[in-house]
Number of protein chains: 2
Amino acid sequence: MKYIEKLRNSGLRPTKQRLQICEVLFNTERTFHFTINELEQKIKDKIDNKISLATIYNTVHAFEKKGYLKQIPVNSNQTYFDTNITDHHHFYNLKDGKLIDLENSDVGPINIKRKIDGKKIKSIEVLVKLED
Amino acid sequence: MKYIEKLRNSGLRPTKQRLQICEVLFNTERTFHFTINELEQKIKDKIDNKISLATIYNTVHAFEKKGYLKQIPVNSNQTYFDTNITDHHHFYNLKDGKLIDLENSDVGPINIKRKIDGKKIKSIEVLVKLED
DNA sequence: TGACTAGTTTATAATGGTTCTAAATAGCTG
DNA sequence: CAGCTATTTAGAACCATTATAAACTAGTCA
């Protein structure tokens with residue numbers, strides 16, 4: 001299995017559950033956005049055995065901490081994640097709560113001119129809200 | 001009271017509670033960011049009578065709908081609001097969860113080149129996460 | 001291979017921000 | 001003032017997320 005190495009190299013034990021979640025998250029044609037609930041559903045559809053909700057939360061947070069997932073800042077009661085970890089931005093369709101990737105070429109470079117003493121920039125994220 | 005007109009013009013009855021919340025939110029030297037909990041505390045400090053939490057939620061949402069407040073997209077378990085309703089962006093200090101305004105001149109113009117059929121852009125928001 | 005140990009998984013309970021409910025209250029219009 | 005509707009309120013309900021603590025498992029070392 002191709003994810004065993006990846007996990008071990010990150011200091012995460014390659015458990016059956018984590019490997020299965022890797023399949024769902026990363027063994028895809030395209031990257032995608034998801035909430036925990038949507039991921040839970042996807043796992044149910046693709047995996048025979050059950051993975052508990054707590055494990056899904058644990059795993060998603062572990063993967064995020066290792067940089068395999070990104071959280072997307074959106075105002076919603078649910079947390080959105082992205083399997084596309086490259087620097088990029090999002091449209092957020094207010095009507096259905098769906099996100100759409102924006103390529104960097106669609107936005108242009110963003111240059112933050114102001115500095116805050118003792119702090120460094122971890123990320124720059126642009127959210128473009130869409131309405132009808 | 002200077003907020004009576006403002007409220008009436010928006011179709012909101014100028015109740016005692018709403019006027020008091022207006023004082024806390026808008027009768028200030030500077031604009032500021034807040035969560036509902038922080039606002040609740042501020043109200044307790046400045047107002048003699050009690051305003052119920054439900055009313056605070058109702059009022060904040062009513063004001064947001066009327067455009068007197070903006071929600072700021074941040075990944076947090078709490079919702080952040082801003083009394084500065086002009087177009088501007090934010091630093092988000094991950095350490096303490098505090099927001100800092102970025103002037104538009106600190107960021108430069110953001111030009112979204114991609115269009116989505118049938119949708120128009122409601123807002124463009126940049127969040128710059130800060131770490132140590 | 002057989003423990004030993006630390007890391008994981010799991011069901012379930014707990015937490016906490018937010019929303020709902022339904023009854024009491026207060027603006028507004030005539 | 002009367003009557004109507006909007007608003008306020010305490011408390012319950014909701015629901016995403018986190019904590020708990022017991023069972024399990026991967027990795028290690030003899």
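Counting of residues starts from 1 at the beginning of each chain's written sequence and follows it residue by residue. Starting at A for chains and at 1 for ligands, labels are handed out in the order in which the entities are written. Owing to the predicted nature of the model, reporting of local features is limited to residues with pLDDT of at least 70; listing and counting of side-chain atom pairs is limited to 80 or more, with chain, interface and lining totals taken over all residues. No hydrogens and no water enter the side-chain calculation; it runs on all heavy atoms of the structure.

Some thoughts on the packing of helix H3 (residues 36-46) of chain B against helix H4 (residues 53-66) of chain B
Residue and element names in this part refer to chain B.
- Fitted lines through C-alpha atoms give the axes, limited to the stretch in contact for helices. The angle between two N-to-C directions lies from 0 to 180 degrees. The secondary structure listing takes helices from DSSP runs of H or I that are at least 4 residues long and strands from runs of E that are at least 2 residues long, numbered from the N terminus. Orientation of H3 relative to H4, taken along the N-to-C sense of each, is 115°, at an axis distance of 11 Å. Helix-helix and strand crossings are classified by hand; for H3 and H4 the assignment is right-handed. Residues Ile36, Leu39, Glu40 and Ile43 of H3 form the contact with H4, whose participating residues are Leu53, Ile56, Tyr57 and Val60.
- Under this grouping Gly is polar, as are all residues other than the nonpolar Ala, Val, Leu, Ile, Met, Phe, Trp, Tyr, Cys and Pro and the charged Asp, Glu, Lys and Arg. Looking at side-chain class alone, the contact of H3 with H4 contains seven nonpolar, no polar and one charged residues. Here a crossing is taken to be left-handed if its near helix is turned anticlockwise relative to the far helix by less than a right angle, and right-handed if that turn runs clockwise. Here, two residues are considered to be in contact whenever any of their heavy atoms come within 4.5 Å of each other.

Notes on the interface of chain A and chain B
- The interface is formed by 37 residues belonging to chain A together with 37 residues belonging to chain B.
- The term buried area denotes the loss of accessible surface (1.4 Å probe radius) that occurs when two parts are joined, taken as the sum for both partners. Interface area, chain A with chain B, both sides summed: about 3400 Å², of which 53% is carbon and sulfur.
- Of all residues in chain A, the largest losses of buried area upon contact with chain B belong to Arg114, Lys119 and Glu131 of chain A, amounting jointly to 17% of the total for that side.
- Should a side-chain nitrogen of Lys or Arg be within 4 Å of a carboxyl oxygen of Asp or Glu, the pair is scored as a salt bridge. The tally of links between chain A and chain B comes to four salt bridges.
- Across the pair Glu125 of chain B and Lys129 of chain A runs a salt bridge whose closest N-O atoms are separated by 3.5 Å.
- Throughout this description, a polar contact denotes any pair of N or O atoms lying within 3.5 Å of each other; where both atoms belong to protein, one of them has to be capable of donating a hydrogen while the other can accept it, and for residues adjacent in sequence the pair is counted only when both atoms sit in side chains. For the interface between chain A and chain B, the tally reads 22 residue pairs in polar contact (both at pLDDT 80 or more).
- Element by element, the count of residues in the side of chain A that touches chain B is highest for strand E6 (residues 120-131) of chain A, at twelve residues.
- Pairs of strands are assigned from DSSP output, requiring at least two bridges between the strands. Two elements, E6 of chain A and strand E6 (residues 120-131) of chain B, share eleven bridges in a ladder whose sense is antiparallel. Its bridge partner lying in E6 of chain B, Glu125 of chain A is registered against Leu127 of chain B.

Considerations on the protein's contact with DNA strand C
- DNA strand C sits among 24 residues. The nearest are Thr15 and Gln17 of chain A together with Tyr57, His61 and Thr79 of chain B.
- It suffices for a single heavy atom of a residue to lie within 4 Å of a molecule or strand for the residue to be listed as near it. Backbone atoms, meaning sugar plus phosphate, form 75% of the atoms of DNA strand C positioned within 4 Å of the protein.
- With respect to DNA strand C, the side chain of Arg8 of chain B contributes an N or O atom lying 2.8 Å from a phosphate oxygen.
- Within the contact set of DNA strand C, a phosphate oxygen lies 2.7 Å away from a side-chain nitrogen or oxygen of Tyr57 of chain B.
- Contributions of two or more residues to the surface near DNA strand C are made by helix H2 (16-26) and helix H4 (53-66) of chain A together with H3 and H4 of chain B.

Points about the domain arrangement of chain A
All names here are of chain A.
- The domain boundaries assigned to chain A delineate domain 1 (3-72) and domain 2 (86-130).
- A separation of 24 Å is found between the C-alpha centroids of domain 1 and domain 2.
- Taken together, the contact between domain 1 and domain 2 spans six residues of the former and nine residues of the latter.
- Where domain 1 abuts domain 2, roughly 540 Å² becomes buried across the two surfaces, and 45% of that area is made up of carbon and sulfur atoms.
- Contact with domain 2 buries surface across domain 1, with His33, Lys70 and Ile72 losing the most and accounting together for 81% of the total.
- Where domain 1 packs against domain 2, one counts one salt bridge.
- Measuring nitrogen to oxygen at the nearest pair gives 3.4 Å for the salt bridge that ties Glu38 to Lys98.
- Our count for the domain 1 to domain 2 interface comes out at five residue pairs in polar contact (both at pLDDT 80 or more). As annotated, the domain borders come from an automatic or database domain assignment.

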